[in-house]
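Take a look at the letters that make up each chain.
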Amino acid sequence: MIPDEVRQRVAQLRAEIRYHDHRYYVLDDPEIPDAEYDRLFAELKALEAAYPELITADSPTQRVGGEPRPELGSVRHAIPMLSLDNAMDDPALAEFDRRIRTAFPALDPVLYTAEPKLDGLAVSLRYEQGVLVLAATRGDGTVGEDVTHNARTIPSIPLRLLGGDWPEILEVRGEVYMIRSGFERLNAELERRGERIFANPRNAAAGSLRQLDPRIAAQRPLRFCAYGWGELAAPPEPGQFAMMQRLASWGLPISPELRLVEGLEGCRAYFAELVNRRSTLDYEIDGVVFKLDRIDLQQALGATSHHPRWAIARKFPAQEVMTVVVAIEFQVGRTGALTPVARLQPVQVGGVTVARASLHNFDELKRKDVRVGDTVILRRAGEVIPEIVRVISERRPPAARPVEIPTRCPVCGSDVLYPPGEVIARCGAGLWCPAQRKETIRHFASRRALDIQGLGEKLIDRLVDLGWVREPADLYQLTREQLAGLERMGDKSAANLIAAIARSKETSLERLIYALGIRGVGETTARLLAKRFAGLAELMDAEAETLMQIEGIGPIVAAQIKGFLADPHNRAAIDRLIAAGIHWPESRALQPASLPLAGKTFVITGTLSRPRAAVKAKLESLGARVTDSISRQTAYLVAGASPGSKLAKAKSLGVRVLDEAGLEALIGRATGLSKADG
Ligand code: 5U1
């Protein structure tokens, strides 16, 4: 009795495989990676092996290749074109070698030919009296498609064989493929013309060779590489390797990587070498083919209905697999950049297990339109980081929605800045966001910023990891005792570092602005800003429009400065720096609470008997801030003659108003206080 689930699963697998066969062989547009197809196929084969009663003649397992394209004529192969048995891992290769040695115990050494398995389309070329008369695809292994018209356009396929010692009838078998660079050029051209592009070089080769119009194939960068032969009265050489050299002598291209290797160890070494060199080759390969060299022994071993027993393809780990997006998360980098990262159902790809893949930035996320629940093709070639190649749109769940760009930093909750025209979105709280701590402090202490000598990257890492430093102002709270307790930090070094930190308090406004690490604000922009604004307070209150009036500052940088300085976390962190004692020659106005007018904001209006700038400077030297606009936070409005609308506004908000005499009295009191304090 065959369980119902088995029957159903077999029917489902067959339907799925037929669908994918059609996309692959007929449309040259596969939906799923080869590895996924192989998995479906292997599952069907295993079920049929367990329940042979279920095998039907029309099961996909019962034929070798793909469906023919009816418009191309069909060709019956004189000798079937078999496929190769696969060894997915080293034990399977060792098993192949063991079988050969068991069959021929006296054979020592066992020689194998080794060559790359090209990822292209298998074809058979028939030469009669040295002239190419027919080219056919493998098709189902017995009947293929006639592609003679296109094969004739491939420059590496000789229309007439060289030399004169060729057999009267020779069927050469090999692979038509496309080199990577040619494939990329072709796709770029197709894209430019608005035509459908190919998923990979193999599909491009197949799609090109199976064109009806040979003028199209002629324009495609196709190549041919021979790996064997079909009909051949009597091989003129005793070994595969020597026969391949013969093919080469007749003008047929063979792999420049073809070698003769000795035993299992020779196979292993060759495989390891090609694994390493794979990414440097200009054509795609998906494994290495080993063949018993002795042709007489090949004939003695024969073939199953699918593959010869004397050859094996040791496959590379799949570079493209299919998986499902479980979530899309946003990582905040050292510079505050938000990177979308797809969390995936873990899969093996390129020999490693992968559970996450970066989507790099929001443009890429939008372009690829990856959504939670999507089935995607994941690629990892060589040592390259895994990448989501594309979404399999046919498998998108109906409820999947496009991913929204977060407006708040996932680490600290601050606003995300994503100015128009920018590719990268960033957390705006650079001085405060935990994700950015190390980078912020490294930049703050760097030579062109506050130049804290002795505070290197490793030490910063340690101070942050210990939780001693979370923002730049914390540096000024460190003590010599604390530092001296650190591993590999002597008392002397600790004292030197504390002295360097203390020295850094005395700086310039432009260095401080640069040290804040505002995006787009390098030394030059910092200098422009320091020149334009009398103090940090003015800069902090400046509107984007004011910033844009400075030559050299455009709308994007202006928005970045404004966004940074408007962030309450950044403002508080800057206040803490000032409170820690950071100062510069013109910064007396920003001295913290120790000054008598610290924390008080003044607005000046109307005409005074002294220049307004002088009054402003005096107030700032006592710790006050002088701004242009009145709010409830304003402590005093200083009103000269013809005060205008600010006076009315001050009154309506309940802000105290001082005339010049009142101001002088207040300054007198403050100076007295200041003297008394100082
Ligand atoms: N390199 C290589 N690829 N390939 C594919 N050799 C090779 N041999 C094959 C196939 C199908 O079949 C042999 C049995 C001739």
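Values in this document were obtained by computation on a predicted structure and should not be read as measured data.

1. Side note on the overall build of the chain
A count of helical and extended segments in the chain gives 24 helices and 22 strands. Against the globule reference of 26 Å for 678 residues, the chain gives a C-alpha radius of gyration of 38 Å, more extended than a compact globule. Counting only C-alpha atoms, the chain reaches 120 × 60 × 60 Å along its principal axes. Counted over contacts in the chain with a minimum sequence separation of 6, partners at least 24 positions apart contribute 67%.

2. Description of the sheet that holds strand β19 (residues 601–605)
Pairing is parallel in the open sheet, where four strands are placed in the order β20-β19-β21-β22. Single-partner strands in this sheet number two, and they are β20 (625–627) and β22 (656–658). Each adjacent strand pair in this sheet contributes to an overall mean axis angle of 30°, direction not counted. With three bridges connecting them, strand β21 (residues 636–639) and β22 associate as parallel partners. Considered in β22, the bridge of V638 is made with L658.

3. Describing the site of the ligand
Residues in contact with the ligand, as listed here, are L82, L84, E115, P116, R138, Y227, V289, K291, P308 and W310. The separation between a nitrogen atom of the ligand and a polar main-chain atom of P116 is 3.1 Å. At a separation of 2.9 Å, a nitrogen atom of the ligand approaches a polar side-chain atom of K291. Protein contact buries 89% of the 380 Å² of open area that the ligand shows by itself. Taken together, the residues of the shell around the ligand sort by class into seven nonpolar, no polar and three charged.

4. Overview of the nonpolar core
Grouped together as the largest cluster of nonpolar side chains are 55 residues, with contacts concentrated most on F444, I452, L475, Y476, L529 and L536. Of all the elements, helix α16 (residues 509–515) adds the most residues to this core, at five residues. Leaving out residues up to four positions away in the same chain, I452 has contacts with F444, A445, L475, Y476, L497, A500, I501 and S504. Grouped together as the second largest cluster of nonpolar side chains are 37 residues, V123, L125, L186 and A204 included.

5. A closer look at the environment of I392
For I392, the position within the fold is in the loop between β16 (387–391) and β17 (416–417). Separated by 226 residues in the primary sequence, I392 and W166 place their C-alpha atoms 49 Å from one another. Leaving out residues up to four positions away in the same chain, I392 has contacts with E31, I32, M322, T375, V376 and I377.

6. Notes on the environment of L47
Structurally, L47 can be placed in helix α2 (residues 34–50). The spatial distance from the C-alpha of L47 to the C-alpha of L565 is 66 Å, given a sequence separation of 518 residues. In this structure, L47 is in contact with V6, R9, V10 and L13, ignoring residues within four places of it in sequence.

7. Brief notes about the state of the cysteines
Scanning the entire structure with this criterion turns up zero disulfides. Just so you know, C225 is unpaired, no disulfide at all, and the nearest cysteine sulfur is the one on C267, 19 Å from it. C433 takes part in no disulfide bond, and the closest cysteine sulfur to it belongs to C412, at a distance of 3.8 Å.

8. Topic: the packing of aromatic side chains
Tallied over the entire structure, the rule returns eight aromatic pairs. Look at F96 and Y112: their rings are 5.9 Å apart centre to centre, the planes differ by 40°, and that puts the pair in the tilted class. Of this pair, F96 sits in helix α3 (residues 90–103) while Y112 sits in strand β3 (residues 111–118), and the two are 16 residues apart along the sequence. We classify F96 as buried; its relative accessible area is 2%. Among the residues examined, Y112 registers a relative accessible area of 0% and is labelled buried. Where Y177 meets Y283, the ring centres are 5.8 Å apart and the plane angle is 65°; that geometry is what we call edge-to-face. In this pair, Y177 is assigned in strand β7 (residues 169–178) and Y283 in the loop between α9 (263–277) and β10 (285–292), connecting sequence segments 106 residues apart. Accessibility expressed as a relative area gives 11% for Y177, which makes it buried.

9. A closer look at the pattern of salt bridges
According to the stated counting rule, one finds 57 salt bridges in the structure shown. A salt bridge links R334 to E457; the shortest N-O distance between them is 3.9 Å. In this pair, R334 sits in the loop between β12 (320–332) and β13 (338–349) while E457 sits in helix α13 (residues 457–465), placing the two residues 123 residues apart along the sequence. For E457, a relative accessible area of 46% corresponds to the partly exposed category. The salt bridge partner of D541 is R571, with a shortest N-O separation of 3.1 Å. Here D541 is found in helix α18 (residues 536–541), whereas its partner R571 is found in helix α21 (residues 568–579), with 30 residues between them in sequence. For D541, a relative accessible area of 32% gives the class partly exposed. The structure contains a network of salt bridges with shared partners spanning R23, D29, E31, R196, E394 and R395.

10. Let's talk about the sheet that holds strand β4 (residues 121–128)
In space, the four strands of this open sheet follow the order β5-β4-β7-β8, with antiparallel pairing throughout. Every other strand in the sheet has two partners, leaving β5 (131–137) and β8 (222–232) as the edge strands with one partner each. Ignoring which end each strand starts from, the neighbouring axes of this sheet average 30° apart. The sheet contact formed by β7 and β8 spans eight bridges and is antiparallel. Within β8, the position partnered with Y177 by the bridge is R223. Sitting on the sheet, helix α6 (residues 201–209) touches β4, β5, β7 and β8, and the angle it makes with β7 is about 130°.

11. Details of unusual backbone geometry
Backbone torsion omega between D108 and P109 reads 0°, so that peptide bond is classified as cis. On the secondary structure map, P109 appears in the loop between α3 and β3. For H360, which is not glycine, the phi dihedral falls at a positive 70°. With respect to the helices and strands, H360 occurs in the loop between β14 (352–358) and α11 (362–368). At R488, a position not held by glycine, the phi torsion is positive, near 55°. Inspection of the secondary structure assignment puts R488 in the loop between α14 (480–484) and α15 (491–503).

What counts as what
- Residues numbered from 1 in each chain as written.
- Predicted model: local features only at pLDDT ≥ 70, side-chain atom pairs only at ≥ 80, totals over all residues.
- Heavy atoms only, no water.
- Helix = DSSP H or I, 4+ residues; strand = E, 2+ residues; numbered from the N terminus.
- Rg over C-alpha atoms; globule rule 2.2 N^0.38 Å.
- Contact = heavy atoms within 4.5 Å.
- Pairing = 2+ DSSP bridges.
- Axes fitted to C-alpha atoms, helices over the stretch in contact; angles between N-to-C directions.
- Near = heavy atom within 4 Å.
- Polar contact = N/O pair within 3.5 Å; in protein donor to acceptor, adjacent residues only side chain to side chain.
- Areas by Shrake-Rupley, 256 points an atom, 1.4 Å probe, with all protein chains shown as cover.
- Nonpolar A, V, L, I, M, F, W, Y, C, P; charged D, E, K, R; others polar.
- Core = buried A, V, L, I, M, F, W, Y, C linked by side-chain atoms within 4.5 Å.
- Buried < 20%, exposed > 50% of the residue type's maximum accessible area, 1.4 Å probe, protein only.
- Disulfide = S-S within 2.5 Å.
- Phe/Tyr/Trp six-rings, centres within 6.5 Å; stacked < 30°, edge-to-face > 60°.
- Salt bridge = Lys/Arg side-chain N within 4 Å of Asp/Glu carboxyl O.

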